[in-house]
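Structural characterization, general
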Amino acid sequence: MIPGEFQYFAPTTVDEAVSLLQQHGEDAKLLGGGHSLLPAMKLRLTTPAVLIDVTKISDIKGVSVNGSVTVGGGATYHAVASNDAVRSACGVLADCVAQIGDTQVRNRGTIGGSLAHADPAADLPAVALALGATITAQGPGGARTINADDMFVEMLTTALEPNEIITSVSFPRLGAGAGAAYEKMRQPASRYAIVGVAAYVKLGSDGNVAEARVAVTGAGPKATRQDATEAAITGTNGDDAAIAAATDKAGEDMDYLGDIHASEEYRRAMVKVYTKRALAKAIAQARG
Amino acid sequence: MTTVTKMVGQSLKRREDPKLITGKGNFLDDIKLQGMSHAAILRSPYAHAKINSIDTSKAKALPGVIAIFTGDDMMDINPLPCAWQAGRVQNNANTPRALSAGKALYAGDGIAMVVAENRYIARDALDLIEVDYEPLPVVVDAKKATEAGAPQLHENAPNNICMTWDCGHKDATDAAFSSAEVTVKEQIINQRLIPTPMETRGALARYDEATGEFTVWMTSQAPHVMRLLLTAFVFGIPETKLRCISPNVGGGFGQKIFCYADMAFTMWAARKLGRPVKFVEDRSENYRSSTHGRDHITDVEIAGTKDGTITGLRIETWANLGAYLSTIAPGIPTTLYGRIATGVYKIPAAYCKVHGVYTNTAMVDAYRGAGRPEASYLIERMVDRFAAEIGMDPAEVRRKNFIQPSDFPYDNGMGLLPYDSGNYEPALDRALAMVGYADFRNEQAEARKQGKYLGLGISSYVEICGVAPSAWIGLPGEGWGAGLWESANIRVHLTGQVVVTTGSLPHGQGVETTFAQIVADELGVPYESVLIEHSDTAGTPFGYGTYGSRSLAVGGTALYKSVAKVKEKAKKIAAHMLEANPADIEYADGKAYVKGSPDQAKTLGEIALQASVAYSLPEGVEPFLDETTYYDPPNCTFPFGTHIAIVEVDGATGMVAIKRYVGVDDVGNPINPLIIDGQLHGGIAQGIAQALYEHGVYDENGQLVSGTLMDYAVPNAAMLPNYELDRTVTPSPVNPMGVKGAGEAGTIGSAQAIMNAVIDALAPFGVKHLQMPATAERVWRAMQSH
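Quantities reported herein were computed from a predicted structural model and do not represent experimental measurements.

1. A look at the packing of helix 14 (residues 511-523) of chain B against helix 15 (residues 551-578) of chain B
Residue and element names in this part refer to chain B. Where helix 14 meets helix 15, the closest approach of the two axes is 10 Å, and the angle between their N-to-C directions is 30°. On the basis of their axis angle, the class for helix 14 and helix 15 is roughly parallel. Of the two possible hands of crossing, helix 14 and helix 15 adopt the one that is right-handed. The residues of helix 15 that touch helix 14, namely those facing Val511, Phe515, Ile518, Val519, Glu522 and Leu523, are Ser551, Leu552, Gly555, Gly556, Leu559, Tyr560, Val563, Val566 and Lys567.

This is how it looks when you write it as structure tokens:
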């Protein structure tokens, strides 16, 4: 459990971090909370020559709630979970991060780190997809935004360029008539998701579902939107029958992974179960 | 006369804890010696491979590397011994060497040792060693390993069978089955577990060239035994040339009983290099290369009458022992399993056959409960299966077949010593009352109507504690190659301080506290003035170690008897001081006094002073109050109890939630109820962990898939229920304090309570049995397929 030798940098500005990334190229890894990277290094599954610690960059640690909820890429889970304004503006985000890992993980782990690492069983990517979050990344050419839908390319791979840093993530406020929920079966050892489903619904003035986004994590190589389920629930009155019909379509068109904790077959079945639970909870919340 | 508050029976907080919970303990890795070097071990990535060559030249060139050794270098010391060769394994006891040479038999087998100036360099050097492996076919499953064509691990063990052992009465059992009204058959798997002490294992060895003496600090539950094994068997040197010290030990659960390669290779290298050598496992190494527990495949049948009398039990078990024999591995699935297989029931005909099998996996040896959890899980599952088969209430089947109080001492016919004492029905009744059994079945029926699956599981267990006596365990039939007595010395110093040295030791159980409670009461001295010293072979009398819930029943009794000797001597000296007849002296509350005249008294402090200055002692009495006892009990003790769990199964996911957990245990007379409860809590947690979460999984290539804490599910507090505990008290007649032991009861009583509850919850789906762990997927599949 001893990593290979590496150089360590702790820049205090994003620009400095970006230039370190440029300088060291593929030898460098960004270090956030370190809960994914450091264990992999200790097991020598990865041996980066350079670590650039981004947790000393105060500009990317803020959490603010205005027209939307903006969370710095370096903000910890704890900073988000314990923020009352976040909880009232976007409860699902606070709920999701409040149950990640354990206290130690939440005190160190960062929002940007989770999204950039794109672990197939991480919780946050599902919530980011369901809420239609926008990720702001800064590289040598300046800042750009990435829609959550474009972010997760494949297992452990995102749309980020090698020398970009997530500076902030923007989530919508959930106003009246909107609801969102994240429901998860935990892998008992790691507490990652065996299956996690995030659902967002917006009701129209007629009380029917006007808009829905559903995303699954844990079951396959990457967090995945459930288009068929979204289409099936949209326009319905969101009652049990509608939820059941929409749930039937969940997880039909996606790739699965199996391991000693849950087979592909079981994950496929659980996607439906947790989609149903997340949708029901989101709709109930939307109705107030 | 002052009244002295009794300490025994009080829930004193553990005197060990302030130091440990404020980070001021002294564990192996806290110890730093002048000139200390650090070892790292290259371990085979293959589960079975011929090693054609090892090239260490690049690694040796790394600055800071002191030396690199391979198995060939260490051929001047013997393989580690197997001390408990139960089941006549003598002809093929294949034990590990300090480093394996020529072949690796499991993924994690140590094949080269780097010694470096620091741990980082040592680890880096491992990556520079080049090994030419020739992978060989692998077998990890104990039953498959015995089949024709299976890969062979050892030339002297055809079909990988280490031993075949049996107990009970085969013919009578076969007869009982052929005439039985009802028989039920099942294959029951007791899965492999990884003990996971919070502190991993290791050793720090120092060699003194001037005297030829070693000192080894080790994470051991049995330093005296390690001293014996490492000197007499591995190094072939006099026992006096080795001092073994267990500093604070951060949990063991059995994994730290055994003699390990790291003890031998640190000693060997320290002598070779003239520098202290430290090795501390990382967690991955602990998982891959220290011992595991359980791993039985069992075909079991129970026979009985339609009205619920059990008439026969027939067992055939394939016990996976791993690639080599660990120190006491053969004794676990034999003496500590087969001989207690009939549990709390009077079963007229029972037979148990066990195959001990070598496989390409880490060694399997004692893990908390050691054989007894496997036995009680088996019988308690089968009693439930039988009850379901005949449509009888499982509580009533148990009650009907219990050994009765008048039957004790009870011979179960399995070659065990007689059960010492027991009264099983009150514990069952109390547990049933606590859980509200009378109302539960209605509640369950109502819940089922609403699609909620509640289940209740009962476990009535008995176990073997205070494991001894030497005359039984040491016989060739049991195969333990030594005794199992314990020792204690007591000295009363001039200042009235009482210093106890014990051959027993704690690794988290609170022995310092309970032993001091006993001495304080028996000698009538303040608890605070009793000091318990242990864990260092220099300065403590020999003892066999802490395991098998035996520290109190055996070591504690040695202590109790030494106190009695001190009192006798104190009375003689007091008689002399009081100019009275020794026969007229009584001892109570820390004073010796003339019978009927408590005013004419001498305190223990005054007597100790007199004994020490010694200018006026009675004729023939030696100076100083200093007494030692070597105690070998006449029997083991047999704690028992009933645990009941209520669970709810989520019909959609298969997830199991524990709603209630009730335990009524009888551990004999309680010394410290708080410590007993603590032991039970931890034990139950480990049993629940086996039932629901933990599983040491090897893939077919012999890779440990559950090789990290990200995949091996040790439960956290939130995954465990509140424990509702009560006790009955049936003193043991075996020892004067009437104590039995509590260290393993929780583990032995719990897994089957959970599994019986889960399977009860699944009754509407026609589920009759489910293997552990009852993961959500396993439960869901059981619901799907019925």
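2. A few points about the pairing of strand 2 (residues 49-55) of chain B
Residues and elements named next belong to chain B. As defined by bridge partners, strand 2 adjoins strand 4 (residues 103-104) across two bridges and the pair is classed as antiparallel. Within strand 4, the residue paired with lysine 50 across the bridge is lysine 103. Of the strand pairs in this sheet, strand 2 and strand 6 (residues 130-135) are connected by six bridges, and their pairing is antiparallel. Residue alanine 49 lies in a different strand from strand 6, and its bridge partner there is proline 135.

3. Quick notes on helix 5 (residues 170-178) of chain B
Residue and element names in this part refer to chain B. Of the positions making up helix 5, those classed as buried are Thr173, Ala176 and Phe177. Viewed end-on, helix 5 has its buried residues packed into an arc of 95°, placing them on one side of the element. Away from the buried face of helix 5 by more than 90 degrees, exposed residues Asp171 and Ser178 are located. Buried-residue contacts for helix 5 involve strand 8 (182-193), strand 13 (293-304), strand 14 (310-322) and strand 15 (350-358).

4. Regarding the domain arrangement of chain A
All names here are of chain A. Domain annotation for chain A reports domain 1 (7-53), domain 2 (58-172) and domain 3 (178-287). Spacing between the C-alpha centres of domain 2 and domain 3 amounts to 20 Å. Listed as interface residues are 21 residues of domain 2 and, on the opposing side, 23 residues of domain 3. Roughly 1800 Å² is buried in total at the junction of domain 2 and domain 3, and carbon and sulfur atoms are behind 59% of that figure. Counting the contacts that link domain 2 with domain 3 gives two salt bridges. Its salt-bridge partner being aspartate 149, residue arginine 225 comes within 2.7 Å of it at the nearest N-O pair. Our count for the domain 2 to domain 3 interface comes out at 13 residue pairs in polar contact (both at pLDDT 80 or more). Those elements that provide at least two residues to the side of domain 2 that touches domain 3 are helix 5 (91-98), helix 8 (124-131) and strand 8 (152-154). Looking at which element gives the most residues to the side of domain 2 that touches domain 3, the answer is helix 8, with six residues. A breakdown of the residues in the side of domain 2 that touches domain 3 according to their chemical character gives 14 nonpolar, three polar and four charged.

5. Side note on the sheet that holds strand 12 (residues 193-203) of chain A
Residues and elements named next belong to chain A. One open sheet accounts for four strands, arranged 11-12-13-14; its pairing is antiparallel. Looking along the sheet, the strands with just one partner apiece sit at the ends: strand 11 (178-186) and strand 14 (224-225). Across nine bridges, the pairing between strand 11 and strand 12 is antiparallel. When the sheet's bridge partners are listed, glycine 179 is paired in strand 12 with valine 201. In the packing of helix 8 onto the sheet, contacts are made with strand 11, strand 12, strand 13 (209-217) and strand 14, and the angle to strand 13 comes to roughly 160°.

Basis of the calculations
Along every chain, residues carry numbers that run from 1 in the direction the sequence is written. Whichever chain is written first becomes A and whichever ligand is written first becomes 1, with later ones labelled in order. Only residues with pLDDT of at least 70 get local features here, since the model is predicted, and only at 80 or more are side-chain atom pairs given and counted; chain-wide, interface and lining totals rely on the full set of residues. Heavy atoms from the whole structure form the basis of all side-chain values; hydrogens and water molecules are not counted. Note on geometry: axes are C-alpha line fits, over the in-contact stretch for helices, and angles between N-to-C directions span 0 to 180 degrees. Per the convention used, a helix needs a DSSP run of H or I reaching at least four residues, while a strand needs a run of E reaching at least two, with both numbered from the N terminus. Orientation categories follow fixed angle ranges, with anything under 35 degrees roughly parallel, anything over 145 roughly antiparallel, 65 to 115 roughly perpendicular, and all other angles oblique. Left-handed describes a crossing whose near helix is turned anticlockwise from the far helix through less than a right angle; right-handed describes the clockwise counterpart. Contacts were defined at the residue level, with two residues in contact if any of their heavy atoms lie within 4.5 Å. Two strands pair under a simple rule: DSSP has to find at least two bridges between them. Relative accessibility thresholds used throughout: buried, under 20% of the residue-type maximum; exposed, over 50%; partly exposed, between the two (1.4 Å probe, protein chains only). Read the arc as the range of directions from the helix axis to the C-beta atoms. For each domain, the first and last residues come from an automatic or database assignment. Here's the idea: put two parts together, see how much 1.4 Å probe accessible area each one loses, and the total over both is what we call buried area. Definition used for salt bridges: Asp or Glu carboxyl oxygen within 4 Å of a side-chain nitrogen of Lys or Arg. Polar contact is the term for a pair of N or O atoms within 3.5 Å; when the atoms are in protein, one must be able to donate a hydrogen and the other to accept it, and sequence-neighboring residues count only if both atoms are side-chain atoms. Residues are grouped as follows: Ala, Val, Leu, Ile, Met, Phe, Trp, Tyr, Cys and Pro are nonpolar; Asp, Glu, Lys and Arg are charged; all remaining types, including Gly, are polar.

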